Amino acid sequence: QVQLVESGGGLVQAGGSLKLSCAASETTFSLKSMAWYRQAPGKQRELVALIYTGGSTKYADSVKGRFTISRDNGKNTVYLQMNSLRPDDTAVYYCNAEFILLAPSWGQGTQVTVSS
C-alpha cells in the first residue's frame, strides 16, 4: 500500500496563504488520481481539489480561483496552494490517492486554521 505523508498546515490570518504538501512513498502504475479533501467540525468530508494522472483538475466551487492543486511526479508529491484564505476554510485537510484495483490511500490529515 502507498503511504501518504502530509505537511504544511498551520494557523494563518484571513487573506493569507498556505501550501500543503503530500508525499507518496512510491509511484504506482495503477494510480488514477490524487486529491485533497477537508472536514470541518460537525460537517461531512468534502472534496476540495482533484488531479488526474493526465493532469486534468477539478475544484470545489468554494475554492475555485483561490486554490491550486499540482503534482511533482519526480518527487512523488502533490501540493495544494491555498491563497486568499477565509475563516470558513478552517478544517482538517486530507490527502487522498485512488487506484485502479487497490483500495484508496489516505494521509493522516493536517489542520488548517484561518483566523478573522
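On a predicted model such as this, the values are computed, not experimentally measured, just so you know.

(A) Quick look at the overall build of the chain. Across its full length, the chain holds zero helices and eleven strands. Reading the helices (α) and strands (β) of the chain from amino to carboxyl end gives β-β-β-β-β-β-β-β-β-β-β. On C-alpha atoms alone, the chain measures out to a radius of gyration of 14 Å, which is about the 13 Å that the 2.2 N^0.38 rule sets for 116 residues. Taking the principal axes of its C-alpha atoms as reference, the chain extends roughly 45 × 25 × 25 Å. Across the 116 residues of the chain, 40% fall into the buried class. The contacts in the chain between residues at least 6 apart in sequence include a share of 53% that link residues at least 24 apart. Side chains of the chain give 11 positive and 8 negative charges; the mean places of these two sets differ by 3 Å.

(B) The nonpolar core, seen in detail. In this structure, Met-34, Trp-36, Leu-80 and Tyr-93 are the most contacted members of the largest nonpolar core, which totals 29 residues. Of all elements in the fold, only strand 3 (18-24), strand 4 (31-39), strand 5 (46-52), strand 7 (67-72), strand 8 (77-82), strand 9 (91-99) and strand 11 (110-115) reach the threshold of two or more residues within this core.

(C) The pattern of salt bridges, seen in detail. This structure, assessed with the given rule, holds five salt bridges. For Glu-46, the salt bridge is made with Arg-38, and the minimal N-O distance between the two is 2.8 Å. Of the charged contacts in the structure, one is a salt bridge between Arg-86 and Asp-88, with a shortest N-O distance of 3.4 Å. On the basis of relative accessibility, which here comes to 34%, the residue Arg-86 falls in the partly exposed class.

(D) Focus on the sheet that holds strand 1 (residues 4-7). Spatial ordering of the open sheet is given by 1-3-8-7, a layout of four strands whose pairing is antiparallel. Bordering the open sheet on either side are strand 1 and strand 7, each of which pairs with just one other strand. Geometrically, the sheet is characterised by an average inter-axis angle of 15° between neighbouring strands, direction not taken into account. Bridging between strand 1 and strand 3 involves four bridges; their strand directions are antiparallel. When the bridges of strand 3 are listed, Ser-7 appears paired with Ser-21.

(E) Highlighting the side chain of Arg-66. Along the chain, Arg-66 turns up in the loop between strand 6 (57-59) and strand 7. A polar contact is formed between the side chain of Arg-66 and the backbone oxygen of Ser-62, at a distance of 2.8 Å. Once residues within four sequence positions are removed from consideration, Arg-66 is found in contact with Gln-81, Met-82, Asn-83, Ser-84, Leu-85, Arg-86 and Asp-89.

(F) Fine view of the environment of Val-92. Here Val-92 shows up in strand 9. Val-92 sits 42 residues away from Leu-50 along the chain, and the two C-alpha atoms are 17 Å apart. Dropping the residues within four chain positions of it, Val-92 is found in contact with Tyr-37, Arg-38, Gln-39, Gly-109, Thr-110 and Gln-111.

(G) Examining the pairing of strand 8 more closely. In terms of burial, strand 8 is largely enclosed, as five of its six residues are buried. Where strand 3 and strand 8 come together, six bridges link them in antiparallel fashion. Its bridge partner being in strand 8, Leu-20 is matched across the sheet by Leu-80. Sheet topology note: the strand 7/strand 8 ladder contains six bridges and is antiparallel. Bridged to Phe-67 within strand 8 is Met-82. Between strand 7 and strand 8, which pair antiparallel one after the other, the connecting turn spans four residues, and Asn-76 there sits at a positive phi close to 50°.

Rules behind the numbers
- Residues numbered from 1 in each chain as written.
- Predicted model: local features only at pLDDT ≥ 70, side-chain atom pairs only at ≥ 80, totals over all residues.
- Heavy atoms only, no water.
- Helix = DSSP H or I, 4+ residues; strand = E, 2+ residues; numbered from the N terminus.
- Rg over C-alpha atoms; globule rule 2.2 N^0.38 Å.
- Buried < 20%, exposed > 50% of the residue type's maximum accessible area, 1.4 Å probe, protein only.
- Contact = heavy atoms within 4.5 Å.
- Lys, Arg positive; Asp, Glu negative; His and termini not counted.
- Charge placed at Lys NZ, Arg CZ, Asp CG, Glu CD.
- Core = buried A, V, L, I, M, F, W, Y, C linked by side-chain atoms within 4.5 Å.
- Salt bridge = Lys/Arg side-chain N within 4 Å of Asp/Glu carboxyl O.
- Pairing = 2+ DSSP bridges.
- Axes fitted to C-alpha atoms, helices over the stretch in contact; angles between N-to-C directions.
- Polar contact = N/O pair within 3.5 Å; in protein donor to acceptor, adjacent residues only side chain to side chain.

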